[in-house]
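The residues making up each chain are set out below.
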Amino acid sequence: MQNKPKIYEGTCIVRGKGYGKAVIVDSQAEAISMVKILPENIATEIERFEKSRMQAKKYYEDYSKSMLSKSKEYAEISIVEMYKYILNDPILTKQVLENISKELMTAETAVRLVAKNTIETFQAMEDEYFRDRDKDVQEVADRMLFYLSSSGGEEPKTFACDVVLFLKRSLMLSDIIGNDIEKIKAIVCASSGKTSHAVIVARSNSIPVISDINFSNAEIEDGCEVLVDSDMGIFTINPSKAALDTYYAYVHEKNLRKHGMPNFLKYPVFTGDGMPVLVMSNVSIESDAFLAAESGADGIGLVRTEILFTESMEFPTESDQIKFYESIFNKIGKDKSVCIRVMDIGGDKMAKFLPVPEEKNPFMGWRAVRIYRDKSDILETQLRAIFKAGQGKKYGIMFPMITTSSEWDYLREFTLKTAKEMGIQCPELGVLFEVPLAILEITTFLETLSFASIGTNDLIQYLSAADRSNSRVNYLYNPIEPAFLKIIKTAIEECNTKGKPISMCGDMAARPECTVLLLGLGLTRFSVSPPMIPIIKEIVSSVSLMKLKEETNHMLLNMKSTEEVANWLDYMNSKYCKHIFEKYRFVPRTREL
């Protein structure tokens, strides 16, 4: 007799469905034992650390080679390069060696402590992308600790049947690439960042992921049957026959549709009434640019450069920065434009090489371009590196957190002067509008800038005076607030009137449930995370821009509350996007914006 089905809820991280036998992976002890060594053992511990570092590099190199041997470009190959980069990071290596030689720690203790401190730095950041980099550091640390505690003769895990992995900890990349990937049909875990590299690899391999599971309340045993429906954010232990029949129908349909991304999505798309719309990508590292190109990005609308600076004890050299920018240009392709944002350090993205006095409200304090008047040498070095890497490329430079026109004039003149001194033609210069005072005076800025972009995350936060990470007030942080939509519409219309391109690179642009709304507001340049590019392009190609503008104008004239706008948006998505959402297994969550 079959046991009664038991259903548990979690958070959807990667959409899809999967079915298999449960394989439970217990959590790892995170406590750090401060084990000391004698001074005469320092050389031995350093040798052990270096050996583990080389073994970890070889592990990632071997994996890349095994993927290449399949004669197919995998996203994982570029991502694995990130782990080799961490292993080669001179700052992290120096910290481990100092812990061994000066603090007399074992190699294991030194690695754990440096990893812990670095992870805590990332976790303190508000930006989700940078918070999720803690998983990258943990991945590399765990790989070295494995070699420090064993002979290194690890064998890949294989499974006799299809499985669902249950991780009583965070999802790591090695949970996927270190296992029999073809047999992993789903992953259920205690926690997972939405932008972590493990998630990117899971998504590229069509492995659904559910997170935020309280394992103390879940009755799960190794080998029990599990059906995961990540679209609904649930998994079922001992699923019924009816549920399995539905799953197998889903698999059959998925196999029929498994013919790759439609060819037209690899190129710029047009709305149904012939208006061109660019769907670009936000990137932070080389692997993001690779994924953007694979996903059909029309260019890069935002290069976040902070990853170069946040963990460095010393300001990165000009040559180091040039290599970083060149890697982005090379991955996206020479015919596509790239917009590089100068470093937005401060707030939650602190740089160790630049001590910032403690502030009561760092997000409204000395951050981003506000630092440059005092530290113009930092800006000059970054500009010189961008100019040199950008020779012969299509690119522009964007400045964040601009507040006043005089602030913009200073930065613009400084950039033009630096380019002139180098004998290099200055690229187009633009402003990321995320401060209310600036976007309300956008007409003044348009006299001298070449392009504009809207950063919705900070802009909504500042306009509403509500911290989106504060559960008590985040109900006020709402991108479909009518007043906010009117500000966005006015900014877009001003740019269109002056013939200046304007894009949007915040979270709102990357939400497919907002695409018809943004098109209706007149937006024709999106910059989003790579996985969202295909679905947004399909929505764009299926609607009439003029019709959406007409319907959106009518909505803004008649609707006064976010609830009214949410109801209207649900209706519009049902009218225009239902078939596309179903195709991509996308569940719109209008009231969770």
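Basis of the calculations
- Residues numbered from 1 in each chain as written.
- Predicted model: local features only at pLDDT ≥ 70, side-chain atom pairs only at ≥ 80, totals over all residues.
- Heavy atoms only, no water.
- Helix = DSSP H or I, 4+ residues; strand = E, 2+ residues; numbered from the N terminus.
- Buried < 20%, exposed > 50% of the residue type's maximum accessible area, 1.4 Å probe, protein only.
- Areas by Shrake-Rupley, 256 points an atom, 1.4 Å probe, with all protein chains shown as cover.
- Phe/Tyr/Trp six-rings, centres within 6.5 Å; stacked < 30°, edge-to-face > 60°.
- Lys NZ or Arg CZ within 6 Å of the ring centre and 35° of its normal.
- Pairing = 2+ DSSP bridges.
- Axes fitted to C-alpha atoms, helices over the stretch in contact; angles between N-to-C directions.
- Contact = heavy atoms within 4.5 Å.
- pLDDT = per-residue confidence, 0-100.
- Parallel < 35°, antiparallel > 145°, perpendicular 65-115°, else oblique.
- Left-handed = near helix turned anticlockwise from the far one by under 90°.
- Nonpolar A, V, L, I, M, F, W, Y, C, P; charged D, E, K, R; others polar.
- Polar contact = N/O pair within 3.5 Å; in protein donor to acceptor, adjacent residues only side chain to side chain.
- Expected span 1.5 Å × (residues − 1).
- Salt bridge = Lys/Arg side-chain N within 4 Å of Asp/Glu carboxyl O.
- Core = buried A, V, L, I, M, F, W, Y, C linked by side-chain atoms within 4.5 Å.

1. Details of the overall build of the chain
Helix and strand counts for the chain stand at 22 helices and 17 strands. A burial count over the chain gives 53% of its 593 residues as buried. Here the chain displays about 26,500 Å² of accessible surface, and carbon together with sulfur accounts for 52% of that area.

2. Quick notes on the packing of aromatic side chains
Within the structure shown, the criterion is met by 10 aromatic pairs. Ring geometry for phenylalanine 324 versus tyrosine 325: centroids 5.4 Å apart, planes at 75 degrees, classification edge-to-face. With respect to burial, phenylalanine 324 and tyrosine 325 carry one shared label: buried. One aromatic cluster is present, built from ring pairs that chain together Tyr8, Phe166, Phe215 and Phe235. The ring of tyrosine 59 is capped by arginine 143, whose NZ or CZ atom sits 3.7 Å from the centre of that ring.

3. Side note on the sheet that holds strand β7 (residues 225–229)
Strand order in this open sheet of 8 strands is β1-β8-β7-β3-β4-β5-β6-β2, and the pairing throughout is mixed. Of all strands in the sheet, those with a lone pairing partner are β1 (6–9) and β2 (11–14), marking the two edges. Strand-to-strand twist of the sheet, defined as the mean angle between neighbouring strand axes without regard to direction, takes the value 30 degrees. Note that strand β3 (residues 17–25) and β7 share 5 bridges and pair antiparallel. Of the residues in β7, the one forming a bridge with tyrosine 19 is leucine 227. Along the sheet, helix α8 (residues 197–204) contacts β2 and β6 (209–211); its crossing angle with β2, the most-contacted strand, is approximately 70 degrees.

4. What to know about the confidence of the model for the chain
With 85% of its residues at a pLDDT of at least 70, the chain reaches an overall mean of 85. Long-range and interchain partners of residues 71–75, a stretch whose pLDDT sits below 50, account for 9 contacts in this model, where long-range means more than four residues apart.

5. Overview of unusual backbone geometry
Unusually for a residue other than glycine, aspartate 212 sits at a positive phi of about 60 degrees. Mapped onto the elements of the fold, aspartate 212 is located in the loop between β6 and β7. Positive phi, close to 60 degrees, is recorded for methionine 401, a residue that is not glycine. Mapping methionine 401 onto the fold places it in the loop between β13 (395–399) and α13 (405–422).

6. A closer look at the pairing of strand β12 (residues 337–341)
In terms of burial, β12 is largely enclosed, as 4 of its 5 residues are buried. With 4 bridges joining them, strand β11 (residues 299–304) and β12 adopt parallel strand pairing. Following the sheet pairing, arginine 304 is matched in β12 by arginine 341. In this structure, β12 lies alongside β13, joined through 4 bridges in parallel fashion.

7. Some details on the packing of helix α10 (residues 286–294) against helix α11 (residues 318–332)
The interhelical angle for the contact between α10 and α11, taken along N-to-C directions, is 15 degrees, at an axis separation of 8 Å. Taken together, the axes of α10 and α11 are roughly parallel relative to one another. Note on packing geometry: the crossing formed by α10 with α11 is right-handed. Contact with α10, carried on its side by Glu286, Ala289, Phe290, Ala292 and Ala293, involves Ser327, Ile328, Lys331 and Ile332 of α11 and no other residues of that element. Partitioned by chemical class, the residues of the contact of α10 with α11 number 6 nonpolar, 1 polar and 2 charged.

8. Focus: the side chain of glutamate 318
Position of glutamate 318 relative to the elements: it lies in helix α11. Polar side-chain contacts of glutamate 318 include one of 3.2 Å to the side chain of arginine 384.

9. Some details on α11
The first and last C-alpha atoms of α11 sit 22 Å apart over 15 residues, in line with the 21 Å expected at 1.5 Å per residue. Among the residues making up α11, those that are buried are Glu318, Gln321, Ile322, Phe324, Tyr325, Ser327, Ile328, Phe329 and Ile332. Of the surrounding secondary structure, the elements contacted by the buried residues of α11 are β10 (276–283), α10, β11, β12, α12 (376–389) and β13. One or two residues past the end of α11 sits glycine 333, with phi positive at roughly 105 degrees.

10. Here's the deal with the environment of glutamate 494
Mapped onto the elements, glutamate 494 comes out in helix α17 (residues 482–498). Distance from glutamate 494 to threonine 443, taken between C-alpha atoms, is 6.6 Å for residues 51 residues apart in sequence. In this structure, glutamate 494 is in contact with Ile442, Thr443 and Leu446, ignoring residues within four places of it in sequence.

11. Here's the deal with the pattern of salt bridges
Following the criterion strictly, the structure yields 19 salt bridges and no others. Residue arginine 384 is joined to glutamate 318 by a salt bridge in which the shortest nitrogen-to-oxygen separation is 3.2 Å. You can see arginine 384 sitting in helix α12 and its partner glutamate 318 sitting in helix α11, a full 66 residues away along the chain. Linking lysine 388 and glutamate 318 is a salt bridge whose minimum nitrogen-to-oxygen distance equals 2.5 Å. Of this pair, lysine 388 sits in helix α12 while glutamate 318 sits in helix α11, and the two are 70 residues apart along the sequence. Each of Lys17, Asp229 and Asp231 takes part in a single network of salt bridges with overlapping partners.

12. Some thoughts on the packing of helix α4 (residues 107–123) against helix α6 (residues 134–148)
Two elements in contact, α4 and α6, have axes separated by 9 Å at closest approach and are oriented at 170 degrees. Relative to α6, α4 is oriented roughly antiparallel. Residues Ala107, Glu108, Val111, Arg112, Ala115, Thr118, Ile119, Phe122 and Gln123 of α4 pack against Asp134, Val137, Gln138, Ala141, Met144, Leu145 and Leu148 of α6. The class makeup of the residues in the contact of α4 with α6 is 10 nonpolar, 3 polar and 3 charged.

13. A short note on the nonpolar core
If you look at soluble globular proteins, the nonpolar side chains tend to sit buried side by side. One finds Tyr325 and Phe399 to be the most contacted residues of the largest nonpolar core, which totals 101 residues. If sequence neighbours within four positions are ignored, phenylalanine 399 has contacts with Val342, Val369, Leu379, Trp408, Leu411, Thr415, Leu429, Gly430, Val431 and Leu432. Core analysis: the next-biggest nonpolar cluster, separate from the first, contains 50 residues, Ile86, Val114, Ala115 and Ile181 among them.

14. Describing the environment of serine 327
In this structure, serine 327 sits in helix α11. With 62 residues separating them along the chain, serine 327 and alanine 389 place their C-alpha atoms 9.3 Å apart.

15. Some details on the pairing of β3
The sheet contact formed by β3 and strand β4 (residues 163–170) spans 5 bridges and is parallel. For lysine 21, the partnering residue across the bridge sits in β4 and is valine 163.

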